[in-house]
Amino acid sequence: MTSRVRKAIFPVGGMGTRFLPATKAMPKEMLPVVDRPLIQYAVDEARAAGIEQFIFVTGRGKSAIEDHFDRSIELEASLEECGKSSELFDLRESVLEPGNIAYVRQQEPLGLGHAVWCARHLVGDEPFAVLLADDLIQADVPCLRQMADVHAETGGNVIAAMEVPDEHTSRYGIIDCGGADGRVQPVEGLVEKPAQGTAPSNLAVIGRYILMPEVFAELERRETGAGGEIQLTDAMARLIGHQPFHGFAFDGRRFDCGDKLGFLEANVEFALARDDLGPGARDMLERIGDVSP
Ligand code: UTP
């Protein structure tokens, strides 16, 4: 079995209820941070980590994602005609190689674990990545690249981890690392959305995973967990002790773009970090600071 991670799953079958009505007719993953949809950031991150095959698990009303990664011949022709070469370059950059992109439908949004399981035949018997586009990560070295490097050293499963405050642990999958320290920690247990005060640590699982294909057999049981959903965390937890399993405190900053304030913050920070928009964004924030009470 190859240990290089060549395939990535992008689960985009969720309902995005926290962003209604924006997500009524448009997938959450197409919400733009500055001028690029969330899914584009995730795909670019995967490309930078050496991913060659891109598997989208979609649902109803997600066709805008397919169109986004497809060529738009008419648009390209009109940009060419108007001499808009930089826009044309960006547009062409976002298109994935023919044959390297696949879509599989999750017929019902039964949970993240179920979405990942829907891609089992396309992944086959090799390690693979999962990226949740609504977890946007700003980093000098793209997060999945960092994780692929860890995976090359440790083998097995590697999941991205981040410290969260005590009062937020009930919103995440939480890692029990037996009190170990350091950037790469062996995982001893995982619990999805622990009740307040029962979390084994403050280390939360973030939406980047490198997983071994054995997780599909665990997902096959279709057992439901927290929130009545088929949870990826529960299936992963059953692999602990049978294969290497590490949590990785990545270098970078994560924005929860499935949440309105997190999304707003991402837009501001990504604008501030850009050469073309940073100065204007800084002026704007100062003006807002001047008028707010
Ligand atoms: P969320 O928990 O954010 O759910 O899913 P959601 O439906 O997208 O959004 P809200 O909470 O209703 O606002 C985390 C990730 O898992 C995917 C989502 O698309 C998102 O990337 N997902 C979730 C699926 O692909 N299928 C599911 O059945 C559930």
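Residues numbered from 1 in each chain as written. Predicted model: local features only at pLDDT ≥ 70, side-chain atom pairs only at ≥ 80, totals over all residues. Heavy atoms only, no water.

1. Remarks on the overall build of the protein chain
Then, number 1: Along the backbone of the protein chain there are 11 helices and 14 strands.
Then, number 2: Taken over the C-alpha trace, the protein chain has a radius of gyration of 20 Å; the compact-globule value for 293 residues is 19 Å, and the two agree within 12%.
Then, number 3: Dimensions of the protein chain along its principal axes, counting C-alpha atoms only, are 60 × 55 × 35 Å.
Then, number 4: Within the protein chain, contacts between residues separated by at least 24 positions form 76% of all contacts whose residues are at least 6 apart in sequence. (Helix = DSSP H or I, 4+ residues; strand = E, 2+ residues; numbered from the N terminus. Rg over C-alpha atoms; globule rule 2.2 N^0.38 Å. Contact = heavy atoms within 4.5 Å.)

2. Regarding the site of the ligand
Then, number 1: Around the ligand lies a shell of 17 residues, among which Met15, Thr17, Arg18, Lys28 and Gly111 are the nearest.
Then, number 2: The backbone of Gly16 places a nitrogen or oxygen atom 3.1 Å from an oxygen atom of the ligand.
Then, number 3: In this structure, a nitrogen atom belonging to the ligand sits 2.8 Å away from a side-chain N or O atom of Gln106.
Then, number 4: If the ligand stood free it would expose 570 Å²; the protein chains cover 82% of that surface.
Then, number 5: Residues belonging to the shell around the ligand are distributed by class as follows: seven nonpolar, six polar and four charged. (Near = heavy atom within 4 Å. Polar contact = N/O pair within 3.5 Å; in protein donor to acceptor, adjacent residues only side chain to side chain. Areas by Shrake-Rupley, 256 points an atom, 1.4 Å probe, with all protein chains shown as cover. Nonpolar A, V, L, I, M, F, W, Y, C, P; charged D, E, K, R; others polar.)

3. Things to note about the packing of aromatic side chains
Centre distance and the angle of the planes are the two values used to describe a pair of aromatic rings.
Then, number 1: Applying the stated rule across the entire model yields eight aromatic pairs.
Then, number 2: Between Tyr41 and Phe270 the ring centres are 5.3 Å apart and the planes differ by 75°, which places this aromatic pair in the edge-to-face class. A residue pair is termed long-range when its members are at least 10 positions apart, and Tyr41 in helix 1 (residues 38-48) and Phe270 in helix 10 (residues 260-272) qualify at 229 residues. As far as burial versus exposure is concerned, Tyr41 and Phe270 are alike and both buried.
Then, number 3: Ring geometry for Phe56 against Tyr103: centres 5.2 Å apart, planes inclined by 25°, an arrangement best described as stacked. With Phe56 in strand 4 (residues 53-58) and Tyr103 in strand 5 (residues 101-105), the pair connects residues that are 47 residues apart, well separated along the chain.
Then, number 4: Using a relative accessible area of 0% as the deciding quantity, one classes Phe56 as buried.
Then, number 5: Among the aromatic residues, those joined into a ring-pair cluster are Phe10, Phe54, Phe56, Phe69 and Tyr103. (Phe/Tyr/Trp six-rings, centres within 6.5 Å; stacked < 30°, edge-to-face > 60°. Buried < 20%, exposed > 50% of the residue type's maximum accessible area, 1.4 Å probe, protein only.)

4. Focus: unusual backbone geometry
Backbone geometry follows two general trends: most residues other than glycine have a negative phi, and most peptide bonds adopt the trans configuration.
Then, number 1: Of the consecutive residues Leu20 and Pro21, the connecting peptide bond is found in the cis state with omega at 5°.
Then, number 2: Relative to the helices and strands, Pro21 resides in the loop between strand 1 (7-11) and strand 2 (32-33).
Then, number 3: Within the chain, Val34 stands out as a residue other than glycine whose phi angle is a positive 60°.
Then, number 4: Residue position: Val34 is located in the loop between strand 2 and strand 3 (36-37).
Then, number 5: If you check the backbone angles, Lys193 has positive phi at about 40° while not being a glycine.
Then, number 6: Positionally, Lys193 belongs in the loop between strand 11 (189-192) and strand 12 (203-211).
Then, number 7: Classification of Lys193 as partly exposed rests on a relative accessible area of 41%.

5. Here we look at the nonpolar core
Then, number 1: Counting residues in each nonpolar core, the largest one holds 46 residues, and the members touching the most others are Phe10, Val33, Ile39, Phe56, Leu136 and Leu144.
Then, number 2: It is helix 1 that contributes the most residues to this core, six residues altogether.
Then, number 3: Membership of the second largest hydrophobic core comes to 33 residues, among which are Cys177, Val205, Ala235 and Phe245. (Core = buried A, V, L, I, M, F, W, Y, C linked by side-chain atoms within 4.5 Å.)

6. A few points about the pattern of salt bridges
Then, number 1: Enumeration over the complete set of coordinates arrives at 21 salt bridges.
Then, number 2: Residue Asp149 is joined to Arg145 by a salt bridge in which the shortest nitrogen-to-oxygen separation is 3.0 Å. Of this pair, Asp149 and Arg145 both sit in helix 7 (residues 143-154), separated by four residues, roughly a single helical turn.
Then, number 3: Salt bridges here are not isolated pairs; linked through shared partners, they connect Arg71, Glu76, Glu80 and Arg92. (Salt bridge = Lys/Arg side-chain N within 4 Å of Asp/Glu carboxyl O.)

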